[in-house]
Amino acid sequence: MRKDKKDNKKSPYGLIDTSSSVRMSICSNREVIFEGSRGILEYCDSSIKINTGKYIVAFTGRGLHIKTMTEYDICIRGFITSIEYIL
Amino acid sequence: MIAVFILRWIGGYFDFTVSGRFPERFLNLAAKNGVNIFKIKGSGDSISACAKISERKTIIRLAEKCGCSYCENREHGMPVLCRQYRQRLGLLAGLAAGSIFCVIMSGYIWNISINCPEGINEYELRSELRELGFYEGARYEYVKTSETEHEMLIRDGRISWLSINVSGTNAAVEISSKTEIDSDNSREVPKAVSNLVSSADGKITKVSLRSGTPAVKAGEGIAKGQMLASGITELSNGETVFSDCEGEILAETAETAVFFLPKERPSVILPEAAVCKRSVAVFGLNIPLSLVTEPGSAAVSFSDKRKLTLFSAPVPVFYTEERFYEQGNEAAVPDRETAEALLKKRAALYGAFLEQERFTRILEKKETLTETDEGYRLEVRYRCERNIAEKVYIDIRDGS
């Protein structure tokens, strides 16, 4: 219960604070720009799992590859068939 | 994307493969250490990617740290190319010479396009511009466009406006010619007063005037230049009335036309006998492509000059093909009947021309064919009826 409260930290105006959350920009099912990565857990051409700290985001599909990556951002390309949140 | 690729190519990059039990750890470590890796492809226990050449040492260290084996595949980019061709000094010298050549040649004008209006010969204009130092191959520094424009306007009276626009090694000359003002329109002399005079000798058959006073009657003989009708009429009360004479005065006139068919006529020898001279002009240097001697002054020459274009841009390379045809006398001795038929055909054409264009009615014609050493001569004497009235304006500004 305490953990949930911490997760849904609200700003003084009642809005959810998204400064530390994950952002994904999805372009059709071909490209995803993922912001807020804490590390790659699995990487092969059919599945990419990314750790965000609170949960894991799993991308499955065909011909998946990382176009470029920095410490927190990853650009994934390929034919994405599903996006899964593993809590 | 292209800019990123170019920057990576300039800096140089290499392909590598990291394989081990957990190659994802290598990616995480690389990202945390600020190593920029791209084109990452994973296949089972190995990951292949690209990175900058300058980050090679860090990548090897990180691969060792995460317990993966590191394998370098290939290097790409400009540093690799420079290393590869470092020993080839000739290539470097050629590159330098090419660059110098381009820099020097870009200081010259290599193409001059002239937008010539009607009535002005482009060849004449080019030679005039050449005299002023503006020609293909002239150094841009020494070309004074504004002075050349002014000088051309002074020199050539036909030009009202001229502009020289130089862009790179190309120059465009825009010309506007002077518009001739019709001198008849500019005259202040009133055109309303005119006389009718005869344009030929003959005998008047009909006088039909719409204005003016007739000076001749039907049946009278007249000479060329004689006044037929006057535009100045004196009334019985002493007043003078000026008018513009209008009307037709028909007269019987005699005309003679001579048609001649030579037995020998100058002609151009067939193209097989032509001498062809080809040459290429590169940056003002004329290089002959065929070693032939030019025929004498009796030859007729036709030249075809073409400018080379590369991707629709003109290049200062000209290809000239000059053909010389020797001129000689071709024997063409037609028999009397053929010559007569040919000459009569010409006479008939002339007759049709008289009737159609000069509004002449041919009353009678007499043809005489004579044969001389030079050729056949057909003399046709026409007796025809036509309007001989010719209008002559009178200047009455001074009261004369």
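Going by the structure above, here's the rest.
Residues numbered from 1 in each chain as written. Chains lettered and ligands numbered in written order. Predicted model: local features only at pLDDT ≥ 70, side-chain atom pairs only at ≥ 80, totals over all residues. Heavy atoms only, no water.

**Student:** I'd love a proper account of the interface of chain A and chain B, names of residues and values included.
**Tutor:** Tallying the contact residues gives 14 residues for chain A and 15 residues for chain B. For the chain A and chain B pair, buried surface summed over both sides reaches about 1200 Å², with 55% attributable to carbon and sulfur atoms. The tally of links from chain A across to chain B stands at 0 salt bridges. At the junction of chain A with chain B, the criterion picks out 5 residue pairs in polar contact (both at pLDDT 80 or more). Of all the elements in the fold, those that place two or more residues in the side of chain A that touches chain B are β3 (39–44) and β5 (56–69) of chain A. For the side of chain A that touches chain B, the residue count by class is 6 nonpolar, 4 polar and 4 charged. (Contact = heavy atoms within 4.5 Å. Buried area = accessible area lost by both parts, 1.4 Å probe. Salt bridge = Lys/Arg side-chain N within 4 Å of Asp/Glu carboxyl O. Polar contact = N/O pair within 3.5 Å; in protein donor to acceptor, adjacent residues only side chain to side chain. Helix = DSSP H or I, 4+ residues; strand = E, 2+ residues; numbered from the N terminus. Nonpolar A, V, L, I, M, F, W, Y, C, P; charged D, E, K, R; others polar.)

**Student:** Which residues make up the nonpolar core, and what values do they have?
**Tutor:** By size, the foremost hydrophobic cluster in this structure holds 35 residues, and its most contacted members are Ile66 of chain A together with Phe26, Leu27 and Ile37 of chain B. Residues Ile120, Phe134, Val143 and Ile164 of chain B belong to the second largest nonpolar core, which totals 16 residues. (Core = buried A, V, L, I, M, F, W, Y, C linked by side-chain atoms within 4.5 Å. Buried < 20%, exposed > 50% of the residue type's maximum accessible area, 1.4 Å probe, protein only.)

**Student:** Explain the sheet that holds strand β15 (residues 246–262) of chain B to me, and be specific about the residues and the numbers.
**Tutor:** Residue and element names in this part refer to chain B. Across the sheet, which stays open at both edges, the 5 strands sit in the order β11-β9-β15-β23-β22 with antiparallel pairing between neighbours. Strand pairing shows two members of the sheet lacking a second neighbour, β11 (221–222) and β22 (361–371), which therefore form its edges. With 7 bridges joining them, strand β9 (residues 202–211) and β15 adopt antiparallel strand pairing. Of the residues in β15, the one forming a bridge with Lys203 is Glu252. Across the face of the sheet, helix α9 (residues 336–357) comes into contact with β15, β22 and β23 (375–387) while running at roughly 160° to β15. (Pairing = 2+ DSSP bridges. Axes fitted to C-alpha atoms, helices over the stretch in contact; angles between N-to-C directions.)

**Student:** Talk me through unusual backbone geometry; I want residue IDs and the actual numbers.
**Tutor:** When glycine is set aside, most residues are seen to have a negative phi, and most peptide bonds are trans. Of note in this structure, Ser28 of chain A is not a glycine but carries a positive phi near 55°. Among the secondary structure elements, Ser28 of chain A is positioned in the loop between β1 (23–27) and β2 (31–35). A residue is classified by how much of its surface remains accessible, and Ser28 of chain A, at 58% relative accessible area, is exposed. The backbone phi angle of Lys39 of chain B is positive, close to 50°, even though this residue is not glycine. Inspection of the secondary structure puts Lys39 of chain B in strand β2 (residues 37–43). Taking relative accessible area as the criterion, Lys39 of chain B reaches 45% and is therefore assigned partly exposed.

**Student:** Give me the packing of helix α6 (residues 122–131) of chain B against helix α7 (residues 145–155) of chain B: which residues, what numbers.
**Tutor:** Residues and elements named next belong to chain B. The N-to-C vectors of α6 and α7 enclose an angle of 125°; their axes lie 10 Å apart at closest approach. As summarised for this structure, α6 and α7 are arranged oblique, according to the angle between their axes. For the pair α6 and α7, the crossing hand works out as right-handed. Along its contact with α6, which presents Leu125, Glu128, Leu129 and Glu131, the element α7 presents Thr148, Met152 and Arg155. For the contact of α6 with α7, a count of residues per class yields 3 nonpolar, 1 polar and 3 charged. (Parallel < 35°, antiparallel > 145°, perpendicular 65-115°, else oblique. Left-handed = near helix turned anticlockwise from the far one by under 90°.)

**Student:** Which residues make up the side chain of Thr148 of chain B, and what values go with them?
**Tutor:** Tracing the backbone through its elements, the reader meets Thr148 of chain B in helix α7. Among all residues touching Thr148 of chain B, those that are not within four sequence positions of it are Leu129, Leu132, Phe134 and Ile164 of chain B.

**Student:** Describe the sheet that holds strand β18 (residues 285–288) of chain B, with residues and values.
**Tutor:** All names here are of chain B. If you walk across this open sheet you meet the 4 strands as β18-β17-β20-β19, and the pairing is antiparallel. This sheet does not close on itself; its edge strands, each paired only once, are β18 and β19 (300–310). Averaged over all pairs of adjacent strands, the angle between their axes in this sheet comes to 25°, without regard to strand direction. Pairing of β19 with strand β20 (residues 313–325), which is carried by 10 bridges, proceeds in the antiparallel orientation. Its bridge partner being in β20, Val300 is matched across the sheet by Tyr325.

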